[in-house]
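Okay, here's what each chain looks like letter by letter:
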Amino acid sequence: MSEVLLDVQGLKKYFPTKRGLLHAVDDVTFTIEKGKTLGVVGESGCGKSTTGRAILRLLEPTGGSVLFEGEDVAKLNPSQLRHKRKEMQIIFQDPFSSLNPRKTVSQTIEEPLQLHHVIEDKTERMQKVLEVMETVGLAERYVNTYPHELDGGRRQRIGIARALALDPKFIVCDEPVSALDVSIQAQILNLMNDIQESHGLTYMFITHDLSVVNHFSDDIAVMYLGKLIEKAPSEVLFSNPVHPYTQALLSAIPIPKVGGPKKERILLKGEITSPINPKPVCRFANRCAYATDRCRSEEPQLKEIETGHFVSCFLTD
Ligand code: SF4
């Protein structure tokens, strides 16, 4: 039976602003099983990256719990958290800005090993660096090069190598290919896929591009304005999207099907609701073609409509 690695319950992250509290992540609940990938998709500003950072406590959650192998990450003290960080890593979107321009490839990959006192011996540490470089397909000759001397794909390989150096169990992949050329994207996705299989890793894969997660994820969670509005196994989400927002997102990606019906793109109109002090109503109501008075006076809750398929919309009642 599959085992849950990450259990996120009611996660909240609010930011104080001059106009009130910005609900960036609001009561988000999901689980990820060991060795699986959860794709998290949504427009920019929907809270997907903040969710990833709150799980790792790179941002302190406002509320909720994050159980990692049954242990609540939100309750760890600083030294326990430092220890746990070895098992929970992140790959950032823009490899150029996330890498220190003054550090060589080997110094960059070596740094987390030094910070966490994992390998104290310099020669052994270097051996580990070379091993991880090989895993991510970075030739040994790049060991003393600087990030600006490499192309985007190789820079992202350094980011992946750095995340892998500590032998983590879980990686938050925060838009890891969106800053790369299309031709390089597939290479990096394939590499991440291979590494997941060989290392038994669990991924949370954040992206605004549903077509990227389609190839990659076991389950997909869709977020809208801080809320998780639909979650399902990938093939179910693609074949039977239920939430009107998910349907609109899917209509925007071209899936060529020989002889299949022509897909019509659903264009979203209407003003986006403010995430500052939001009212307890459906946050998608202003843009939803099916909105009723109920949607503007009550907040839909996430409900399981079939095994593993969760939706937050009154249309499912
Ligand atoms: Fe649309 Fe209402 Fe469903 Fe919200 S709850 S998505 S407004 S139908």
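If you're wondering where the values come from, they're calculated on a predicted model, not measured in any experiment.

Q: Mind laying out the site of the ligand, listing which residues take part and the relevant values?
A: What surrounds the ligand is a group of 13 residues, the closest being Cys-282, Cys-288, Cys-295, Cys-313 and Phe-314. For the shell around the ligand, the per-class residue count stands at 12 nonpolar, 1 polar and no charged.

Q: Describe in detail unusual backbone geometry, supporting the description with residues and values.
A: Although it is not a glycine, Asp-167 adopts a positive phi angle of roughly 55°. With respect to the helices and strands, the residue Asp-167 is situated in the loop between helix H6 (152-164) and strand S7 (170-174). Notably, Asn-277 is not glycine yet its phi reads approximately 45°, a positive angle. Inspection of the secondary structure assignment puts Asn-277 in the loop between helix H10 (244-251) and strand S11 (303-306). Its relative accessible area of 44% is what places Asn-277 among the partly exposed residues.

Q: Describe the environment of Lys-231, listing the residues and the values that go with them.
A: With respect to the element layout, Lys-231 can be found in strand S10 (residues 227-233). A residue is classified by how much of its surface remains accessible, and Lys-231, at 8% relative accessible area, is buried. Each C-alpha atom of the pair Lys-231 and Ser-217 lies 12 Å from the other, and the pair is 14 residues apart in sequence. Residue contacts for Lys-231: discarding those within four places in its chain leaves Phe-30, Thr-31, Leu-38, Asp-219, Ile-220, Ala-221, Gly-308, His-309 and Phe-310.

Q: How would you sum up empty space enclosed by the protein? Please name residues and give values.
A: Applying the stated criterion to the full structure yields 1 cavity of 30 Å³ or more. As a volume, the largest cavity reaches approximately 30 Å³. For the lining of the largest cavity, the elements supplying multiple residues, two or more each, are strand S2 (20-33) and strand S3 (37-41). For the lining of the largest cavity, the element with the highest residue contribution is S2, accounting for 3 residues. Of the residues in the lining of the largest cavity, the class split is 2 nonpolar, 2 polar and 3 charged.

Q: So what's going on with the packing of aromatic side chains? Which residues, and what values?
A: Throughout the structure, instances matching the rule amount to 6 aromatic pairs. With 5.0 Å between their ring centres and 85° between their planes, Tyr-224 and Phe-284 make a pair best called edge-to-face. Highlighted residues: Tyr-224 in strand S9 (residues 219-224) and Phe-284 in the loop between H10 and S11, separated in sequence by 60 residues. Grouping residues by exposure puts Tyr-224 and Phe-284 together as buried. Put simply, the rings of Tyr-203, Phe-205 and Phe-216 pair up and form one aromatic cluster. It is Arg-294 that lies over the ring of Phe-314; its NZ or CZ is 3.9 Å from the centre.

Q: Outline the pairing of strand S6 (residues 88-91), supporting the account with residue identities and numerical values.
A: Of the two faces of S6, both are covered, the one formed by Met-88 and Ile-90 as well as the one formed by Gln-89 and Ile-91. Note: S6 against S7, 4 bridges, orientation parallel. Bridging from a neighbouring strand, Gln-89 pairs with Ile-171 of S7.

Q: Describe helix H4 (residues 105-115), with residues and values.
A: Within the span of H4, buried status applies to Val-105, Ser-106, Thr-108, Ile-109, Glu-110, Pro-112 and Leu-113. Buried-residue contacts for H4 involve helix H5 (122-135) and H6. Positive backbone phi, at 50°, marks His-117, one or two positions downstream of H4.

Q: Outline the sheet that holds strand S1 (residues 4-17), listing residues and values.
A: Taken together, the 4 strands give an open sheet; going across it, the order is S2-S1-S4-S5, and neighbouring strands pair in antiparallel fashion. Sheet topology places S2 and strand S5 (71-72) at the edges, where each strand pairs with a single neighbour. Taken together, the 2 bridges between strand S4 (residues 63-68) and S5 define a ladder with antiparallel strand orientation. Residue pairing across strands places Leu-67 opposite Asp-72, the latter belonging to S5. Sitting on the sheet, helix H1 (residues 48-55) touches S1, S2 and S4, and the angle it makes with S1 is about 115°.

Q: Please give an account of the pattern of salt bridges that cites residues and values.
A: In total, this model carries 23 salt bridges according to the counting rule given. For Glu-43, the salt bridge goes to Arg-287, with nearest N and O atoms at 3.3 Å. Here Glu-43, found in the loop between S3 and H1, pairs with Arg-287, found in the loop between H10 and S11; they are 244 residues apart in sequence, far enough to count as distant. Glu-131 serves as the salt-bridge partner of Lys-128, at 3.7 Å between the closest nitrogen and oxygen. Taken together, the residues Lys-128 and Glu-131, both in helix H5 and 3 residues apart, mark about one turn of the helix. Connected through salt bridges with shared partners, the residues Glu-3, Lys-34, Glu-69, Glu-71, Lys-84, Glu-87 and Lys-169 form a single ionic network.

The rules behind these values
Throughout, a residue's number is its position along its own chain's written sequence, starting from 1. Reporting in this predicted model follows two pLDDT cut-offs: at least 70 for local features of residues, and 80 or more for side-chain atom pairs to be given and counted; totals over whole chains, interfaces and linings ignore these cut-offs and use all residues. Note that the side-chain values use all heavy atoms of the structure and ignore hydrogens as well as water. We define proximity as follows: a residue is near a molecule or strand when any one of its heavy atoms falls within 4 Å of that partner. Each residue receives one of three labels: charged for Asp, Glu, Lys and Arg, nonpolar for Ala, Val, Leu, Ile, Met, Phe, Trp, Tyr, Cys and Pro, and polar for the others, Gly being one of them. Numbering of helices and strands runs from the N terminus, with a helix taken as a DSSP run of H or I at least four residues long and a strand as a DSSP run of E at least two residues long. A simple rule labels every residue: compare its accessible area, found with a 1.4 Å probe on the protein chains alone, to the largest value its type can have, and call it buried under 20%, exposed over 50%, or partly exposed in between. Here a residue-residue contact requires only that any non-hydrogen atoms of the pair lie within 4.5 Å. As defined here, a cavity is a set of points on a 1 Å grid over the protein atoms alone where a 1.4 Å probe fits but cannot get out. A pocket is an open set with protein on both sides within 12 Å along at least five of seven lines, and residues line them when an atom is within 4 Å of a point. Grid points are joined across faces, edges and corners, and a volume is the space filled by probe spheres set on the points. By convention, a stacked pair of Phe, Tyr or Trp rings (six-membered ring in the case of Trp) has centres within 6.5 Å and planes under 30 degrees apart, an edge-to-face pair has planes over 60 apart, and any other such pair is tilted. By definition here, charges over rings are those cases where NZ of Lys or CZ of Arg is within 6 Å of the ring centre and within 35 degrees of the ring normal. Strands are treated as partners if at least two bridges between them are detected by DSSP. With axes taken as lines fitted to C-alpha atoms, and helix axes fitted only over the stretch in contact, angles between N-to-C directions fall between 0 and 180 degrees. The working definition used for a salt bridge is a side-chain nitrogen of Lys or Arg within 4 Å of a carboxyl oxygen of Asp or Glu.

Geometric values such as these leave the question of function open.
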